[in-house]
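Examining the three-dimensional arrangement
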Amino acid sequence: MCGRTACALEPDDICKSCSFKSKTTGKGRQQPVWRDPPGGQKYYPSYNVAPGSHTPVLISSQHYQGELDTITERVIQPMRWGLVPSWHKGDPTNVGYETNNCRAEGMLEKKTYKVPLEKGRRCVVLADGFYEWKRDQGKKQPYFIYSPQETWIKKENSDLEVKNESIDPDQNFNVKEVKHEEETEVTERKLLMMAGVFDVWHPPDNSAPVYSYSVITVESSPVMSWIHHRMPAILTNDAEIDEWINFAEVPLRGAVQNIRPTLSLQMHPVTTAMGNSRYKSPDCVQPVDLKKPKAPVNSLMKNWLSQPKKEQNDHGLSSPTKSQTKSNSSPMRPSPTKQSKSSNLMMNWLQKGKREPDEDNDSPAKKIKTCDD
C-alpha cells in the first residue's frame with residue numbers, strides 16, 4: 001500500500017455505513033457513536049488523504065472504560081494516520097521510522113505493534129477506498145481501489161420494504177407488498193474496512209493524548225498483484241469486523257486469522273494529478289481513459305500546488321486554513337471512460353458525501369507531494 005486513501009463522507013453518513021447488528025440490546029441494527037478526537041483535532045472529508053491526517057477509525061466501546069460501552073458496542077473516532085507508540089519520547093510527529101503501515105508478517109514480533117496489539121488495541125480503518133501506483137517503464141499510474149458497490153431494485157411510490165441485515169455482499173432481503181411498477185436503483189453504501197492497530201501517546205505535560213494508527217498490510221491477492229505486491233488487510237463482513245475489534249472476547253491469536261488478502265475489490269485508473277497530496281478535487285476518484293492524451297496542467301493549479309503549506313498547531317500537527325481551492329472548480333478534469341455499473345455507483349455515493357475540501361491535513365513531518373512506493 002502506497003500511503004494514500006480517500007474518505008469524503010460526513011460523520012453521519014460514515015456512521016450509517018457502519019451499522020451493525022447488536023449482540024446485547026436485541027434491538028436490531030445500530031449505528032456506532034461518533035466521538036471527536038481529544039485536543040481539538042478534527043476529521044476533514046477528503047478525496048486525497050495522506051499520512052498525518054485524522055481519519056475515521058472503528059473500535060470497541062470497551063476501550064473507554066465504561067464511558068460508552070453501556071450506550072453502544074462500537075465507536076468511531078478519528079485518529080492520526082501514522083502510529084505513535086505509547087512509549088515514544090519527544091515530538092509525536094517525529095517517530096523516526098515508518099509507521100503508516102504495519103506488515104502482518106512481523107506485527108506480533110515488532111515492539112511498535114506487538115505492545116498495543118497485546119493491549120487489545122485493534123481497530124478498523126474506514127475509507128471510501130485507497131490508491132496504489134502501478135509502475136510501467138519508469139512511469140507511475142495511480143489506481144483507485146474500493147469495495148464493490150451493490151445495487152437493488154426498489155419500486156417507487158410503493159410499500160416495498162427492503163431490510164438489510166448485514167454488510168456481507170451475499171446478504172438476503174425481505175420484500176413486502178408492491179403497489180406500483182415504476183422502478184429505481186437503490187445503492188447501499190459500502191466503505192472499505194481495513195484492519196489496523198492503534199496506540200495512545202500521552203504528552204509529558206499531561207495535555208490531550210494523541211490517538212494514532214497503522215494500516216495492517218499483507219501480500220497482494222491475484223486481483224491486485226498486477227498493480228502492487230502489497231495491499232491492506234481488508235475485513236469483508238460484520239463477523240470479521242467483530243472478531244477483530246472485540247478484544248475482550250476474541251483473543252489476538254484467533255483474531256489474526258482474519259488478516260489475509262481478499263479478492264473482493266474493484267479498481268480503475270485515475271488522474272496522475274492526485275499524486276500531489278494537496279490536490280483534493282473530486283476527480284481524484286474519477287475513472288480516466290489511459291488511451292486518451294493527458295490534459296495540460298493549468299498554470300494556476302501549478303502555482304497553487306507550489307504554495308507553502310499551512311501553519312502547525314502546538315503538537316506540530318496541521319491546522320485548518322481558509323485558502324484552499326474549492327473542489328468543484330478544479331481546472332483539471334480528465335475525460336472519464338465508459339464506466340462499469342459498480343464504478344458509477346461508487347462515483348454517485350462519493351459525490352453525495354462530498355464536502356468542499358477546505359483543509360490540507362498533511363503531516364508536517366512528512367511533506368508528501370508524490371508517491372514513491
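Summary of the structure given here. (Residues numbered from 1 in each chain as written. Predicted model: local features only at pLDDT ≥ 70, side-chain atom pairs only at ≥ 80, totals over all residues. Heavy atoms only, no water.)

1. Some points on helix H2 (residues 111-118)
When H2 is considered as a whole, its buried residues turn out to be Thr112, Tyr113, Pro116 and Leu117. When H2 is viewed along its axis, its buried side chains cluster within an angular range of 110° and face the same direction. Considering only its buried residues, H2 is in contact with strand E8 (101-103), strand E9 (122-127), strand E14 (192-201), strand E15 (210-219), helix H3 (238-245) and helix H4 (252-255). Once H2 finishes, glycine 120 follows within two positions and takes phi at roughly 85°, a positive value. (Buried < 20%, exposed > 50% of the residue type's maximum accessible area, 1.4 Å probe, protein only. Helix = DSSP H or I, 4+ residues; strand = E, 2+ residues; numbered from the N terminus. Arc of directions from axis to C-beta. Contact = heavy atoms within 4.5 Å.)

2. Details of the pattern of salt bridges
Applying the stated rule across the entire model yields six salt bridges. The residue glutamate 105 makes a salt bridge to arginine 230 at a minimum N-O spacing of 2.8 Å. Of the two residues, glutamate 105 is situated in the loop between E8 and H2 and arginine 230 in strand E16 (residues 230-232); the sequence distance between them amounts to 125 residues. By relative accessible area, glutamate 105 is classed as partly exposed at 47%. A relative accessible area of 4% means that arginine 230 is categorised as buried. It is possible to trace a salt-bridge network through shared partners that takes in Arg74, Asp238 and Asp242. (Salt bridge = Lys/Arg side-chain N within 4 Å of Asp/Glu carboxyl O.)

3. Notes on the sheet that holds strand E5 (residues 46-49)
With antiparallel pairing, the five strands of this open sheet are ordered in space as E5-E1-E10-E11-E17. A single partner strand is all that each edge strand has here, and the edge strands are E5 and strand E17 (266-269). Averaged over all pairs of adjacent strands, the angle between their axes in this sheet comes to 30°, without regard to strand direction. Across two bridges, strand E1 (residues 5-7) lies against strand E10 (residues 129-136) in antiparallel orientation. Looking at the pairing, threonine 5 lines up with phenylalanine 130 of E10. (Pairing = 2+ DSSP bridges. Axes fitted to C-alpha atoms, helices over the stretch in contact; angles between N-to-C directions.)

4. Regarding the nonpolar core
Among the nonpolar cores identified, the biggest contains 59 residues, and Ile14, Met107, Val124, Leu126, Tyr213 and Trp244 are the most heavily contacted of them. Element by element, the count of residues in this core is highest for E14, at seven residues. Formed by 13 residues, the second largest nonpolar core is a distinct cluster that contains Tyr47, Ala273, Tyr279 and Cys284. (Core = buried A, V, L, I, M, F, W, Y, C linked by side-chain atoms within 4.5 Å.)

5. With respect to unusual backbone geometry
Outside of glycine, negative phi angles account for most residues, and trans bonds account for most peptide bonds. Of note in this structure, glutamine 137 is not a glycine but carries a positive phi near 55°. Tracing the backbone shows glutamine 137 in the loop between E10 and strand E11 (139-146). A positive phi angle is found at asparagine 206, which is not glycine, with a value near 65°.

6. Observations regarding the environment of proline 232
Along the chain, proline 232 turns up in strand E16. When its relative accessible area of 0% is taken as the criterion, proline 232 is described as buried. Taking C-alpha positions, proline 232 is 9.3 Å from cysteine 102, a pair spaced 130 residues apart along the chain.

7. Quick word on the environment of glutamate 73
Note that glutamate 73 resides in the loop between strand E6 (54-60) and strand E7 (74-81). Residue glutamate 73 is classed as buried on the basis of its relative accessible area, which comes to 17%. C-alpha separation for the pair glutamate 73 and serine 60, spaced 13 residues apart in sequence, amounts to 6.0 Å.

8. Overview of the pairing of E14
Within a regular beta strand, the side chains point alternately toward one face of the sheet and then the other, so they alternate between its two faces. Among the ten residues that make up E14, ten are buried, leaving the element largely enclosed by the rest of the structure. The alternating pattern of E14 places Leu192, Met194, Gly196, Phe198 and Val200 on one face and Met193, Ala195, Val197, Asp199 and Trp201 on the opposite face, and all of these are buried. Pairing of E9 with E14 involves six bridges; the strand directions are antiparallel. In the sheet register, leucine 126 faces E14, and the bridge partner there is methionine 193. Here E14 pairs with E15 via six bridges, running antiparallel. Each bridged residue has a counterpart across the sheet, and for aspartate 199 the counterpart in E15 is serine 212.

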